[in-house]
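What follows is each chain in one-letter form.
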Amino acid sequence: MTLFDVAKKNIQGNVKNYLIYLLSMIFSVMIYYIFVSLQYSQAIAEGLQSSESLRAILSQASVILILFTAVFVWGSNAFFTRKRKKEVGLYALLGMRRQTIARMLFYENLIMSLVALILGVFLGTLLSKLFTMILLKLLDNPVRAGFEIHIEAIGQVTLVFAALILITSMQGYRLIYKFKLVELFQAERKGEHAPRISRLAAGLSVILITLGYWTAFKPVSTTQGILVNFSIIFIGLGAGTYLLFRSLVIALLQLSSHHKKRYYRGINMIGTSQLLYRIRSNTVMLTTIALLSSLTLCAVSVGYSFFYTQKQSAEQERPFSYTYAASAASENGLDAAARQLILSDAKHPVIAEIDLPAIATDADLTRFAYQPGNYEPNEVPVKLISASTYNQAASALGYKERLQPTGRDVVLVRPLYTNLSADEVQGNRISITAGNEQESLEVTGVAEGRILPWGYPDLCIVMSDGLFSQLSKSLEGSTYKAFKVRGQETTKETATALIKLSGDESKMATFYRQYRQNVENAGINVFTLGFLGLVFLAATGSIIYFNQLTEAEASKGSYSILRKIGVSRKDIRRSVAKQVLFVFGLPLIVGLVHSIMMLKALAGINLISGLFAVPILLSGGAYLLIYLAYYAFTVKTYYRTVSAQQ
C-alpha cells in the first residue's frame, strides 16, 4: 500500500468530519468560478453601457472572495490538523519519519482540494448560465444568455486554489516539525480556568455600544461631521462588541448561575459551565462573526435599497428627460438639431418643453449651516433661479410645491444626498457679490423638488423674480433647455444620438443614461453583495461548526460521567442544543442589531432610503434560514460525538 493509498483511506475514515469542509470548499470554488466567468461573458458585455465597470466590480469582489476563502481554508485546515495531533504522534511513535508524515498530510489536502476544485468548476459551469440570466434580469436587460465555457476562468480558478493548497500544505509541515512527540499526545489535555470578570470592561462595552447607537441617531449635515460620526460608530461597535463577548457575556452567565432554581434544573449547570469556561477562548471568533454579519447584512440591505430606489434616484439627478445649456448649444448649431431630434421621436412624445434661465456664480456660505467639502466657505459655486421659472418647471414635473419668496428672502433647493431641513437653514444668510455690491440673502426654507441636473456641490437658490432680474444685470446668466417626454426609461436611441451630437456627455444631461447607469450599478451591487454574503455565511457557519466539534471532543468525558449517573439522552441532547444555540444565535442577534443601527446612520445622511425594513427582513431571513441549517447539523454532530462511547 502506497502513502497515497493511506491518505485516501484516512479521508474515507473521516468522511463525516470532512463533509462540511468539503461542501464549503466546493461552494467557494463554484461561486469564485462564476464570478470570474461573468467577467468574460459576451451576453453581459452586450447588455451593459460599460462592461469595464462590471469587470472592475467583479474583479474587486473576486479579490475579497479569495481573501475570505483563504482565511476560511486556513482556519479549517488548522482545525483538522489540531484534531489529528495524537494520530500524528502515533505515526511518529511507530517510526514514521516526519517528512513521510508531512507528505501523507499533503496528499490528503491535495485530494480534498482537487475534489473541491473539480466539482466546484463543474457545478459553476452548469450554473453560470443561470447566474448570467439572474444578473441580466437585475440589469433589466432583454439580452439572452447562452451556455459558455471560459478556459481563462478555469485557469484562473485553478491557479488561485493551487496557491491555497500550497499554503495549507506548508501549514501542515509546520505542525509536524514544530511540536515534540509528547506534545502531540497531550494536545487535547488543556487546562481550563474559571474566567475572571472585569466589571470595568463589562461596563465599558455597554457604554461603547450605546455611544455607537446614539451616534447613529445623531443628525449631521457636513462632510466632516459625517466622517466623525461614522468613525465613532465603527470604533464604538467594534471595541464594544469585543468587550461584550470578552466580559459582559461572561458576567451575565455567572449572574445566571446565581439563580439556583434554574441553574440546578436538569443539567443546566453543565451547559452553563461549558459556556462559561470556554466563551473567553471564543471571543475573537464570536466578535469577528458578529461584526462581519452586521457589515454583510448592512451591505446587502444598502445594495437592495439602491436597487429598489434606482428610478427615483435617476429622477432626482436628472429631473427632465433631456437638459442642455441653450447658449452654448446655439453657438455650434446644436440647439436646433437637438430640438428637432427630440421632437422627431414619435415613440416618446414631448409633454413639456421649458426654458430655464439661471445664473451661475460664487457665494459666501460662511454663515450657512451647510458647507460642501473641497471648497472654501467664501467661494462656493451656486445657481440662482427665479421663482416663476422654478414654479413652471415644478408644474411640468408634477411637483405640488410652489415657491413665493419676496424681497431678499430666498429658498434653497435641498442638495441631493443631504438631510438639510428647514429648521437648520432658516434664518441663515448667503452673501453674493453682484458688481460692486454685496447682496445678503436670508434663507427662509428648503424646497424638495429639484429641476436642474445634479452636479456637485448642487446648490440651487430660488429667489423672487424682481431680485433675479436685478442680479441678471450684473451677473452673467445662461438658459437651459429642458424637455420632458413620455416613456423616458426607453429613450436609448434618442439619448445616444443627442450625446453623439453634442460630442460630450457632460453637455447633454439625459435621464436615460443616468437611469441605465443606476440600474446597472444597483443590479451588479445586489448580485455581488448577495453572493458574497452567501459565501460568507457558508464559511462562518462552517467555522462555528468546526469550533463546536472541538468543544464536543473535549466534552466527551463530562457527558460520559453524566450518562453513568443516570442522565437521559434526551436531557443531554437538550443541553447540547442550548449550548450550540447560544454560540450560533448570539453573534447573529448582535450583528442584526448593529446592521440596523448602521442603516439608520446611512438613512440619516440620505445615502439610502429610510425604508430599509424590507431589505433587512429579506437578508436577515436568508441568514436565519442558512444558520438554522448549520445549527441543526451542528447539534446532530455534537450529540453524536459526545454519545459515541456511551
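What counts, and where the lines are drawn
Residues numbered from 1 in each chain as written. Predicted model: local features only at pLDDT ≥ 70, side-chain atom pairs only at ≥ 80, totals over all residues. Heavy atoms only, no water. Helix = DSSP H or I, 4+ residues; strand = E, 2+ residues; numbered from the N terminus. Buried < 20%, exposed > 50% of the residue type's maximum accessible area, 1.4 Å probe, protein only. Contact = heavy atoms within 4.5 Å. Salt bridge = Lys/Arg side-chain N within 4 Å of Asp/Glu carboxyl O. Pairing = 2+ DSSP bridges. Phe/Tyr/Trp six-rings, centres within 6.5 Å; stacked < 30°, edge-to-face > 60°. Patch = residues over 30% accessible without salt bridge, like charges linked within 9 Å, V, L, I, M, F, W, Y side chains within 5 Å. Areas by Shrake-Rupley, 256 points an atom, 1.4 Å probe, with all protein chains shown as cover.

(A) Spotlight on the environment of Gly-236. Assignment of secondary structure puts Gly-236 in helix 10 (residues 223-257). On the basis of relative accessibility, which here comes to 2%, the residue Gly-236 falls in the buried class. Separated by 32 residues in the primary sequence, Gly-236 and Leu-204 have C-alpha atoms spaced 10.0 Å apart. Contacts of Gly-236, omitting those with residues within four sequence positions, involve Leu-208, Ile-209 and Thr-241.

(B) Looking closely at the pattern of salt bridges. Tallied over the entire structure, the rule returns six salt bridges. Among the ionic pairs, Arg-408 bridges to Glu-439, the shortest N-O distance being 2.7 Å. Linking Arg-408 in the loop between helix 17 (387-397) and strand 4 (409-413) with Glu-439 in strand 6 (residues 437-447), this pair joins segments that are 31 residues apart in sequence. For Arg-408, a relative accessible area of 37% translates into the label partly exposed. Between Glu-448 and Arg-414 there is a salt bridge, with its nearest N and O atoms 3.1 Å apart. Taken together, the residues span a long stretch of sequence, with Glu-448 in the loop between strand 6 and strand 7 (460-463) and Arg-414 in the loop between strand 4 and helix 18 (422-425) at a distance of 34 residues.

(C) Local environment of the pairing of strand 8 (residues 477-485). Bridging between strand 1 (residues 322-325) and strand 8 involves four bridges; their strand directions are antiparallel. The residue of strand 8 that forms the bridge with Thr-323 is Ala-482. Two strands pair when backbone bridges link them, and strand 2 (residues 350-364) and strand 8 are joined in this way by nine bridges, in the antiparallel orientation. Of the residues in strand 8, the one forming a bridge with Leu-356 is Tyr-480.

(D) Broad picture of the pairing of strand 2. Where strand 2 meets strand 3 (residues 380-386), five bridges bridge the pair, whose relative direction is antiparallel. The partner of Ala-363 across the bridge, within strand 3, is Val-380. The pairing of strand 2 with strand 5 (residues 429-434) spans two bridges and is antiparallel. Following the sheet pairing, Asp-364 is matched in strand 5 by Ser-431.

(E) Fine view of the packing of aromatic side chains. Counted by the stated rule, this structure contains eight aromatic pairs. On the numbers, 6.4 Å between centres and 20° between planes, the contact of Tyr-324 with Phe-483 is stacked. Linking Tyr-324 in strand 1 with Phe-483 in strand 8, this pair joins segments that are 159 residues apart in sequence. A residue is classified by how much of its surface remains accessible, and Tyr-324, at 1% relative accessible area, is buried. Phe-483 gets classed as buried once you look at its relative accessible area, which sits at 0%. With a centroid separation of 5.8 Å and 85° between ring planes, the pair formed by Phe-584 and Tyr-627 is classed as edge-to-face. Of this pair, Phe-584 sits in helix 23 (residues 569-604) while Tyr-627 sits in helix 24 (residues 613-642), and the two are 43 residues apart along the sequence. Grouping aromatic residues by their ring pairs yields a cluster made of Phe-584, Tyr-627 and Tyr-631.

(F) Representation of the environment of Gln-579 in the model. For Gln-579, the location among the structural elements is in helix 23. Considered as a pair, Gln-579 and Gln-548 are 31 residues apart in the sequence and their alpha carbons are 9.4 Å apart.

(G) Layout of a nonpolar patch on the surface. A surface patch of nonpolar side chains, about 370 Å² in accessible area, is lined by Tyr-375, Tyr-417, Trp-454 and Tyr-456. Its place among the elements puts Tyr-417 in the loop between strand 4 and helix 18.

(H) Unusual backbone geometry, seen in detail. For the peptide bond that leads from Tyr-456 to Pro-457, omega is 10°, which places it in the cis range. Inspection of the secondary structure puts Pro-457 in the loop between strand 6 and strand 7. One non-glycine residue, Asp-458, lies in positive phi territory at about 60°. Inspection of the secondary structure puts Asp-458 in the loop between strand 6 and strand 7.

Any functional reading would require information that these geometric values do not contain.
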